[in-house]
Amino acid sequence: MDVAIIGGGAAGFFLAVNLKTLAPDIQITIFERQTDVLKKVLISGGGRCNLTNSFEYVTDLKQVYPRGHKLLKGLFKEFGHVETFEWFESHGVKLVTQDDHCVFPAAQDAHAIADCLKSMAIKLGIIIKTSHKLKSLTPTDGRYKLTFQDPHQNTRYFDCVAVTTGGAPLRESLVYLEQLGHHIENPAPSLFTFNIDSPALRQLMGTVATTATVSIPGTKFRHSDALLITHWGMSGPAILKLSSHAARLAQERAYKFPILVNWLNETNNETVTAALQNIIQNHPQKKISGTRPYNLPTRLWHYLIDKSGIAPERKWNELGHKGLCKLTDTLCNDRYEVNGRSAFREEFVTCGGISLESVQRQTLESKTCPGLYFAGEVLDIDGVTGGFNFQAAWSTAYIVAQAIARRKSSRLHDSILHSMP
């Protein structure tokens, strides 16, 4: 059996090495459009590769997978984060789990992951073809005909094809799969930071609110975590989670929409008011700027006082009812206008792609094209930051490897039966 894997990224290589391990006599060729493979692995996690997560705090996969959580719940039973951890360690890559539950190579170098996958592929005899940009994929007499953009590259025929091309920024790059009967969910960026036109806010660049709640008014989108103020607006886990879950809404609104920031992550305004009143009672003669409630960063506290229209030299007993209400509102319902997005580091993630309704859920095989499979971000699966997108890649790739190995075994069994007198 000859198998083609379209895409030399994390999912493609993991699929290839596991399939070759399960079925050594299968011939596997990886086709990568770029001049090198595993580029996203090498730049992820700031060059360290956050390859999975401990999932310790995840009580529902929907928390970390805005799209695809129902499918992944089943797939993770076959190959989840525990199996991923064990797989890489058994193949010579020592891993460490950080306090934030993110898993990295102990070497703190993404090359440990990339080198492991490449060396395994070479050792197993997997053929790797770079600078091969696919032009067409055509079902032909029970096989698949692959042609490439470069006319000097030979047309090839394969028994099975796995598409692992990653997220597609443009729908046009998926048209060839749509023409084969697959429904395409429109691609949209799903992991980005917010541009906010506020010079006063931007002066706080580098300030971190340890736990803030960010929401989009009029929607159910609301997420709590650390928030980082940047020279362009806002970033940090709280923003990235919100951008991921609200990816389609943000795209529909052309990345211009309001957000509310609760700097204290305190849902009850009355509790905040009571805390401020307690300060007034215990420190009436102290300057408001000198006493920070909830241990807010100093620069952030001074900014919020100023935004509330309160003079920093003012004393707590001079705040008054109106000032108290205004300060509470600023702390709990601080409004900003998002005006555009920025990529999160080099880690460009998209939602959209091949609809999960177009694949068999147990095998990720196409419902319209037998022998055609999908793994990784080309599927309409995406996660928040923290190693979740790579975990989806490892899991879907392993499931496809198992499915193709079973397919090969089944074909061999049928061939033996047909050859019997």
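Use the structure listed above.
Report follows, based on the coordinates. Not measured: the values here are computed from a predicted model.

Reading the values: rules and limits
- Residues numbered from 1 in each chain as written.
- Predicted model: local features only at pLDDT ≥ 70, side-chain atom pairs only at ≥ 80, totals over all residues.
- Heavy atoms only, no water.
- Helix = DSSP H or I, 4+ residues; strand = E, 2+ residues; numbered from the N terminus.
- Contact = heavy atoms within 4.5 Å.
- Areas by Shrake-Rupley, 256 points an atom, 1.4 Å probe, with all protein chains shown as cover.
- Lys, Arg positive; Asp, Glu negative; His and termini not counted.
- Charge placed at Lys NZ, Arg CZ, Asp CG, Glu CD.
- Buried < 20%, exposed > 50% of the residue type's maximum accessible area, 1.4 Å probe, protein only.
- Pairing = 2+ DSSP bridges.
- Axes fitted to C-alpha atoms, helices over the stretch in contact; angles between N-to-C directions.
- Expected span 1.5 Å × (residues − 1).
- Parallel < 35°, antiparallel > 145°, perpendicular 65-115°, else oblique.
- Left-handed = near helix turned anticlockwise from the far one by under 90°.
- Nonpolar A, V, L, I, M, F, W, Y, C, P; charged D, E, K, R; others polar.

Turning next to the overall build of the protein chain. Along the protein chain, the regular secondary structure elements total 13 helices and 19 strands. Considering only intrachain contacts with a sequence separation of at least 6, the fraction spanning at least 24 residues in the protein chain is 73%. Of the accessible surface of the protein chain, which amounts to about 19100 Å², a share of 50% is contributed by carbon and sulfur atoms. The centroid of the 45 positive side-chain charges in the protein chain is displaced by 3 Å from the centroid of its 39 negative side-chain charges.

Of all 9 residues making up helix H8 (residues 237-245), 8 are buried, and the element is well covered by its neighbours. Along H8, the positions that sit buried rather than exposed are Ala238, Ile239, Leu240, Lys241, Leu242, Ser243, Ser244 and His245. Check the buried side of H8 and you find it contacts strand E12 (192-196), strand E13 (208-215), strand E14 (222-229), strand E15 (233-235), helix H9 (247-252) and strand E16 (256-262).

On to the sheet that holds strand E1 (residues 2-6), then. In a beta sheet, neighbouring strands are held together by backbone hydrogen bonds and run either parallel or antiparallel to one another. Pairing in this open sheet of 5 strands is parallel, and the strands run E6-E2-E1-E10-E19 from one edge to the other. The sheet terminates laterally at strand E6 (127-129) and strand E19 (372-374), the two strands that pair on one side only. Across this sheet, the average inter-strand angle for adjacent strands is 20°, counted without regard to direction. One ladder, built from 4 bridges, connects E1 with strand E10 (residues 160-163); its direction is parallel. Bridge pairing links Ile5 to Ala162 in E10.

A few words now on helix H1 (residues 10-22). Counted at 1.5 Å a residue, the expected span for H1 with its 13 residues is 18 Å, and the 18 Å between its end C-alpha atoms agrees. With respect to burial, H1 is a largely interior element, 11 of its 13 residues being buried. If you check which residues of H1 are buried, you get Ala10, Ala11, Gly12, Phe13, Phe14, Leu15, Ala16, Val17, Asn18, Leu19 and Lys20.

The next thing to look at is the environment of Ile310. Mapped onto the fold, Ile310 is located in the loop between helix H11 (298-307) and helix H12 (320-332). Given a relative accessible area of 4%, Ile310 falls into the buried group. The residues contacting Ile310, other than those within four sequence positions of it, are Ile288, Ile305, Leu319, Gly323 and Leu327.

As summarised here, the arrangement of the 6 strands in space is E12-E15-E14-E13-E16-E17, forming a closed barrel in which the pairing is antiparallel. Geometrically, the sheet is characterised by an average inter-axis angle of 50° between neighbouring strands, direction not taken into account. In the sheet, E13 pairs with E16 via 3 bridges, with the strands oriented antiparallel. Directly across from Val214, in E16, lies its bridge partner Val261.

Where H11 meets H12, the closest approach of the two axes is 9 Å, and the angle between their N-to-C directions is 125°. As far as their axial angle goes, H12 and H11 are oblique. Between H11 and H12 the crossing geometry is right-handed. Mapping the contact onto sequence places Trp301, Leu304 and Lys307 in H11 and Lys326, Leu327, Thr330 and Leu331 in H12. Across the contact of H11 with H12, the residue classes break down as 4 nonpolar, 1 polar and 2 charged.

With that settled, consider the side chain of Thr330. Here Thr330 is to be found in helix H12. Those residues in contact with Thr330 that lie beyond four places of it in its chain are Val261, Trp263, Leu304, Lys307 and Ser308.

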